[in-house]
2 protein chains.
Amino acid sequence: MKAISILGSTGSIGCNTLKVVEFLGGFRVVALGAGENIGKLAEQIRQFQPELVAVKDETCAEELLRRISDFKFQIPKIVVGEAGLIEVATHEAAETVVSATVGAVGFVPTLRALEAGKRVALANKETLVMAGELMTKAARESGAEILPVDSEHNALHQCLRGESRKEVKRLILTASGGPFRAKTKEEIENATRQEALNHPTWNMGDKITIDSATLMNKGLEVIEARWLFDFSADEISVVVHPQSVVHSLIEMVDGSIIAQLGVTDMRHAIQYALTFPKRKNCQLEPLDFAKISQLTFEEPDLEKFPCLALAYKALKIGGTMPAALNAANEIAVQAFLDDKVRLSDIPKIIESVMNEHETQPVVNLETVLAADQTARKKAIMDLENLEKTAAAILR
Amino acid sequence: MKAISILGSTGSIGCNTLKVVEFLGGFRVVALGAGENIGKLAEQIRQFQPELVAVKDETCAEELLRRISDFKFQIPKIVVGEAGLIEVATHEAAETVVSATVGAVGFVPTLRALEAGKRVALANKETLVMAGELMTKAARESGAEILPVDSEHNALHQCLRGESRKEVKRLILTASGGPFRAKTKEEIENATRQEALNHPTWNMGDKITIDSATLMNKGLEVIEARWLFDFSADEISVVVHPQSVVHSLIEMVDGSIIAQLGVTDMRHAIQYALTFPKRKNCQLEPLDFAKISQLTFEEPDLEKFPCLALAYKALKIGGTMPAALNAANEIAVQAFLDDKVRLSDIPKIIESVMNEHETQPVVNLETVLAADQTARKKAIMDLENLEKTAAAILR
């Protein structure tokens with residue numbers, strides 16, 4: 001039995017991971033880290049009987065205990081906050097840690113898992129965006145493997161299997177283009193929360209769905225790819241492919257292109273990350289070529305989707321700039337989800353934060369966290385200013 | 001300097017091989033085998049100065065000698081016929097032999113190259129169709145490698161690089177569908193030689209272009225794939241993909257699909273076969289995603305294209321049946337190119353030959369050659385009967 005821990009077990013990737021574990025067999029779920037979705041977590045505990053669970057805070061812990069008090073097996077140890085997530089991420093028995101929290105909260109726990117030499121199945125791209133340098137260094141030093149769960153990076157990982165790094169000319173990430181691919185700049189500016197959450201091909205969490213609508217998700221993925229596979233910004237391209245059938249491609253020096261295709265279900269990538277280097281039979285229906293019938297490709301429109309250009313810019317600047325970009329984006333997206341700003345305000349807030357950010361080299365965790373905090377504060381200030389301006393206009 | 005020999009140097013693959021060799025550098029062309037295109041061969045000799053050349057017969061040899069008598073370097077040794085091609089295929093210095101003759105003529109020379117332990121860059125699919133068992137056995141015993149130059153098999157070879165055989169569920173060969181993909185059965189029956197030679201995506205020799213129009217080319221490729229990669233008929237699928245951008249795909253047990261894409265220029269596959277396991281920079285423009293814009297896929301229509309079904313049938317029967325299929329096809333295609341039969345007569349002749357063929361296990365070269373000869377005689381008889389019937393109708 002392979003032992004695994006899951007950070008973010010009640011989210012979309014977390015739940016799918018448990019489905020894969022259930023289907024595959026041969027896995028023991030030793031620790032689960034969640035946030036506030038205590039009902040779902042209680043169900044997961046009943047089914048998978050972990051030894052350890054982490055929740056957001058004491059209130060959540062109490063509620064969880066109430067819900068599982070009738071549990072006839074050993075009640076798991078319950079821990080809270082970031083320290084709790086770190087405990088889940090470094091559980092001694094766990095060989096594989098699925099890092100599937102959303103945003104910066106998974107950052108330190110994931111780093112600790114890598115330092116502890118765990119295989120990390122990484123769905124939390126913000127982690128690499130914030131501190132790819134630290135993460136990959138930790139993995140190198142401990143001998144930990146990072147297996148990407150993002151479908152694009154998972155595809156790249158598959159394409160790169162038989163290839164030598166120096167014979168790969170560039171990585172090509174596909175982007176669905178999100179719900180606003182065919183919309184005008186004006187339509188995007190006035191897009192509602194519901195429109196932005198209506199992703200054409202993937203069913204995912206709210207934050208990543210908004211990131212997909214602005215193409216920031218692809219920008220974060222470009223930065224993620226830089227760290228996962230050691231390619232420079234110039235060697236990573238993005239092509240819009242609305243059907244999301246081709247999950248990504250690599251171009252070789254001899255002009256050959258290798259692509260990975262599949263159905264749009266995260267369980268594929270999760271299973272791959274859990275079973276690598278082996279491949280196991282899958283519970284999903286395979287891709288039906290007769291049904292896909294048509295695949296299209298087009299260049300991304302950086303004017304309509306400035307977030308993608310901002311991400312490339314942050315990657316080229318390097319140091320703490322990607323962490324600042326990521327922090328500003330998290331604040332701005334949350335404000336959009338809270339109906340406080342328009343979709344088109346997101347890149348404006350990010351750009352404003354980037355313009356003020358004093359880039360530092362990433363020397364340690366503290367540098368990154370400081371950059372993250374400063375950028376968040378600045379983004380919140382920008383938001384307040386936006387709200388004041390809006391209020392003034394309405395007055 | 002790597003030494004190479006080319007069987008079929010004046011054909012489409014042969015000429016492209018020399019272009020690749022010229023571009024790459026680091027290769028020494030030690031032997032060239034051609035047929036009757038003496039003008040082209042003389043040019044090649046002037047440029048590449050091989051030590052040995054083979055031509056069809058004495059008449060060709062004399063003409064060649066006349067054409068290169070003013071040659072200021074060492075005049076190559078000139079040999080003739082099948083024995084000559086065998087000498088080219090087994091030239092002591094040659095590490096790689098490009099097998100690019102058309103049809104059965106390359107069969108014995110290619111077998112001899114494999115027995116001699118040469119790397120064979122194989123463009124002549126008939127060789128594997130006739131006697132895949134013998135060819136792969138010879139390669140195993142001598143430690144020779146077979147590198148496929150057919151774009152589809154070359155693509156499969158690339159897709160399979162990082163994968164384990166038992167984790168591959170099936171091979172998926174793409175087919176352009178040829179010039180008659182969207183035509184009715186009646187239009188195909190009455191297709192002219194010119195229409196059949198007008199391939200939508202690939203520029204190739206006459207025989208293979210007709211085979212593409214009947215989908216027999218794909219049928220031969222299914223048999224070829226069986227031997228190159230050790231998959232059964234049930235594990236090899238064909239999907240029609242008119243743009244010929246995706247050169248082929250593999251489906252893994254976990255549902256993931258790996259594809260190889262590229263421009264439709266044989267130099268890619270040739271270069272790959274010459275440089276494997278390395279990849280080198282290429283002289284061709286890479287695939288332009290903005291230009292391809294759309295890729296489509298559909299199931300092949302076995303009723304409109306019975307040749308594909310016949311090839312699957314021959315592969316399932318096994319033994320000498322694929323050799324009989326191949327022989328009948330060669331005769332029938334030549335008759336079509338000579339305006340003696342209609343396109344729709346090709347599968348009829350093949351089916352008639354297959355119905356009469358007494359399948360033998362492939363124990364040695366002689367079994368295969370005997371099956372080939374018997375099938376050819378039967379096909380020629382069928383042709384004569386067809387002509388008689390046609391003459392009777394016209395009378």
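Everything numeric in this text was worked out from a predicted model, so none of it was measured.

Conventions adopted
- Residues numbered from 1 in each chain as written.
- Chains lettered and ligands numbered in written order.
- Predicted model: local features only at pLDDT ≥ 70, side-chain atom pairs only at ≥ 80, totals over all residues.
- Heavy atoms only, no water.
- Helix = DSSP H or I, 4+ residues; strand = E, 2+ residues; numbered from the N terminus.
- Buried < 20%, exposed > 50% of the residue type's maximum accessible area, 1.4 Å probe, protein only.
- Contact = heavy atoms within 4.5 Å.
- Areas by Shrake-Rupley, 256 points an atom, 1.4 Å probe, with all protein chains shown as cover.
- Axes fitted to C-alpha atoms, helices over the stretch in contact; angles between N-to-C directions.
- Parallel < 35°, antiparallel > 145°, perpendicular 65-115°, else oblique.
- Left-handed = near helix turned anticlockwise from the far one by under 90°.
- Nonpolar A, V, L, I, M, F, W, Y, C, P; charged D, E, K, R; others polar.
- Pairing = 2+ DSSP bridges.
- Patch = residues over 30% accessible without salt bridge, like charges linked within 9 Å, V, L, I, M, F, W, Y side chains within 5 Å.
- Salt bridge = Lys/Arg side-chain N within 4 Å of Asp/Glu carboxyl O.
- Lys, Arg positive; Asp, Glu negative; His and termini not counted.
- Charge placed at Lys NZ, Arg CZ, Asp CG, Glu CD.
- Buried area = accessible area lost by both parts, 1.4 Å probe.
- Least-squares fit on C-alpha atoms with pLDDT ≥ 70 in both.
- Domains from an automatic or database assignment.
- Polar contact = N/O pair within 3.5 Å; in protein donor to acceptor, adjacent residues only side chain to side chain.
- Expected span 1.5 Å × (residues − 1).
- Phe/Tyr/Trp six-rings, centres within 6.5 Å; stacked < 30°, edge-to-face > 60°.

**Digging into the overall build of chain A**
Then, number 1: When helices and strands are counted, chain A shows 17 helices and 12 strands.
Then, number 2: Taken along its principal axes, the extent of the C-alpha atoms in chain A is 60 × 60 × 45 Å.
Then, number 3: Counting all 395 residues of chain A, 61% fall into the buried class.
Then, number 4: Across chain A, the fraction of contacts at a sequence separation of at least 24, relative to all contacts at a separation of at least 6, is 72%.
Then, number 5: Surface exposure of chain A reaches about 15,700 Å², of which carbon and sulfur atoms provide 49%.

**Some remarks on the packing of helix α1 (residues 12–24) of chain B against helix α2 (residues 38–48) of chain B**
Residues and elements named next belong to chain B.
Then, number 1: One can describe the packing of α1 onto α2 by two numbers: an axis separation of 12 Å at closest approach and a directional angle of 15°. As the angle between them shows, α1 and α2 are arranged roughly parallel. Where α1 crosses over α2, the two elements pack in a sense that is left-handed. Residues C15, L18, V21 and E22 of α1 form the contact with α2, whose participating residues are K40, Q44, Q47 and F48.
Then, number 2: Residue composition of the contact of α1 with α2, by class: four nonpolar, two polar and two charged.

**Considering the sheet that holds strand β9 (residues 236–240) of chain B**
Then, number 1: Pairing is mixed across the open sheet formed by eight strands, whose spatial order is β9(A)-β8(A)-β10(A)-β11(A)-β11(B)-β10(B)-β8(B)-β9(B). With one partner strand each, in any of the chains shown, β9 (236–240) of chain A together with β9 of chain B form the two edges of the open sheet. Pairwise comparison of adjacent strand axes, ignoring direction, gives a mean angle of 25° for this sheet.
Then, number 2: Its contacts with the sheet put helix α11 (residues 216–229) of chain A on β8 (168–175) and β9 of chain A, and the angle it makes with β8 of chain A is roughly 150°.
Then, number 3: Contacting β11 (257–261) of chain A together with β8 (168–175), β10 (246–252) and β11 (257–261) of chain B, helix α7 (residues 151–160) of chain B runs over the sheet at an angle of about 40° to β10 of chain B.

**A closer look at a positive patch on the surface**
Then, number 1: There is a patch of like positive charges on the surface, built from K2, K278 and K280 of chain A together with K166 of chain B.
Then, number 2: On the secondary structure map, K280 of chain A appears in the loop between α12 (267–275) and α13 (289–292).
Then, number 3: Given a relative accessible area of 40%, K280 of chain A falls into the partly exposed group.

**Notes on the interface of chain A and chain B**
Then, number 1: Listed as interface residues are 40 residues of chain A and, on the opposing side, 40 residues of chain B.
Then, number 2: Taking both sides of the interface into account, the surface hidden between chain A and chain B amounts to around 3,400 Å²; carbon and sulfur atoms contribute 54%.
Then, number 3: If you sort the residues of chain A by the area they bury against chain B, D254, R279 and F289 of chain A come out on top, with a joint share of 22%.
Then, number 4: For the interface between chain A and chain B, the tally reads six salt bridges.

**Quick word on the relation of the copies chain A and chain B**
Then, number 1: Expressed as a screw transformation, the operator carrying chain A onto chain B has a rotation angle of 180° and an axial translation of 0.0 Å, and the superposed copies differ by an RMSD of 0.0 Å. What the superposition gives is, in effect, a two-fold axis relating one chain to the other. Among all residues of chain A, the one whose C-alpha sits closest to the rotation axis is G162 of chain A, at a distance of 1.8 Å.

**Re the pattern of salt bridges**
Then, number 1: Evaluation of the coordinates by the stated rule reveals 56 salt bridges over all chains.
Then, number 2: A salt bridge links E163 of chain A to R279 of chain B, with the nearest nitrogen and oxygen atoms 2.8 Å apart. Taken together, the residues E163 of chain A in the loop between α7 (151–159) and β8 and R279 of chain B in the loop between α12 (267–275) and α13 (289–292) connect one chain to another.
Then, number 3: We classify E163 of chain A as buried; its relative accessible area is 13%.
Then, number 4: With a relative accessible area of 4%, R279 of chain B lands in the buried category.
Then, number 5: Of the charged contacts, one joins R112 of chain B and E115 of chain B as a salt bridge, the two residues approaching to 2.9 Å between their closest N and O atoms. Taken as a pair, R112 of chain B and E115 of chain B lie in helix α5 (residues 107–115) at a separation of three residues, close to a single helical turn.
Then, number 6: With a relative accessible area of 41%, E115 of chain B lands in the partly exposed category.
Then, number 7: Overlapping salt bridges, with partners in common, bring together K125, D150, E152, K218 and E221 of chain A in one network.

**Description of the sheet that holds strand β6 (residues 119–122) of chain A**
Residues and elements named next belong to chain A.
Then, number 1: Strand order across the open sheet formed by seven strands is β4-β3-β2-β1-β5-β6-β7, with parallel pairing between neighbours. The open sheet has two free edges, formed respectively by β4 (77–80) and β7 (146–148), since each of these has just one partner strand. In this sheet, neighbouring strand axes are inclined to one another by 25° on average, regardless of whether the strands run parallel or antiparallel.
Then, number 2: Bridging between strand β3 (residues 52–55) and β4 involves four bridges; their strand directions are parallel. Residue pairing across strands places A54 opposite V79, the latter belonging to β4.

**A short note on the side chain of S244 of chain B**
Then, number 1: Mapped onto the elements, S244 of chain B comes out in the loop between β9 and β10.
Then, number 2: If we skip the residues at most four places from it in the chain, S244 of chain B touches S176, T201, W202, G262 and T264 of chain B.

**Observations concerning the domain arrangement of chain A**
All names here are of chain A.
Then, number 1: With domains assigned, chain A is organised as domain 1 (2–149), domain 2 (164–263 + 295–317) and domain 3 (318–395).
Then, number 2: The distance between the C-alpha centroids of domain 1 and domain 2 comes to 27 Å.
Then, number 3: Every contact between the two is made by 12 residues of domain 1 and, on the other side, 13 residues of domain 2.
Then, number 4: The junction of domain 1 with domain 2 conceals about 1,000 Å² of combined surface from both sides, 72% of it contributed by carbon and sulfur atoms.
Then, number 5: When the buried area of domain 1 at its contact with domain 2 is split by residue, K125, L128 and V129 rank highest and sum to 49% of it.
Then, number 6: One can count two salt bridges joining domain 1 with domain 2.
Then, number 7: Taking the shortest distance from any N to any O, the salt bridge between E221 and K125 comes out at 2.9 Å.
Then, number 8: At the surface where domain 1 touches domain 2, the tally comes to three residue pairs in polar contact (both at pLDDT 80 or more).
Then, number 9: Counting only elements with at least two residues in the side of domain 1 that touches domain 2, the list comes to α6 (125–142) and β7.
Then, number 10: In terms of residue class, the side of domain 1 that touches domain 2 is built from six nonpolar, three polar and three charged.

**Let's talk about the packing of helix α14 (residues 306–317) of chain A against helix α16 (residues 345–356) of chain A**
Residues and elements named next belong to chain A.
Then, number 1: It is at 9 Å that the axes of α14 and α16 come closest, and there the two elements cross at 20°. By the angle class used here, α14 and α16 are roughly parallel. Where α14 crosses over α16, the handedness of that crossing is left-handed. Where α14 abuts α16, its residues P306, C307, L310, K313 and A314 lie against I346, P347, I350, E351, M354 and N355.

**Digging into helix α15 (residues 321–337) of chain A**
At 3.6 residues per turn, the α-helix brings residues three or four places apart onto the same side.
Then, number 1: Counted at 1.5 Å a residue, the expected span for α15 of chain A with its 17 residues is 24 Å, and the 24 Å between its end C-alpha atoms agrees.
Then, number 2: With 16 of its 17 residues buried, α15 of chain A lies for the most part within the structure.

**Here's the deal with the environment of L302 of chain A**
Residue and element names in this part refer to chain A.
Then, number 1: The residue L302 is located in the loop between β12 (294–296) and α14 in this model.
Then, number 2: Look at L302 and you get partly exposed, because its relative accessible area is 42%.
Then, number 3: Taking C-alpha positions, L302 is 35 Å from V97, a pair spaced 205 residues apart along the chain.
Then, number 4: When residues no more than four places from it in sequence are discounted, the contact partners of L302 are L308 and A309.

**Considering the packing of aromatic side chains**
Residues and elements named next belong to chain A.
Then, number 1: For the coordinates displayed, the defined rule picks out four aromatic pairs over all chains.
Then, number 2: Here the aromatic rings of F71 and F73 are separated by 5.6 Å at their centres, their planes lie at 65°, and the arrangement is edge-to-face.
Then, number 3: Taking relative accessible area as the criterion, F71 reaches 9% and is therefore assigned buried.

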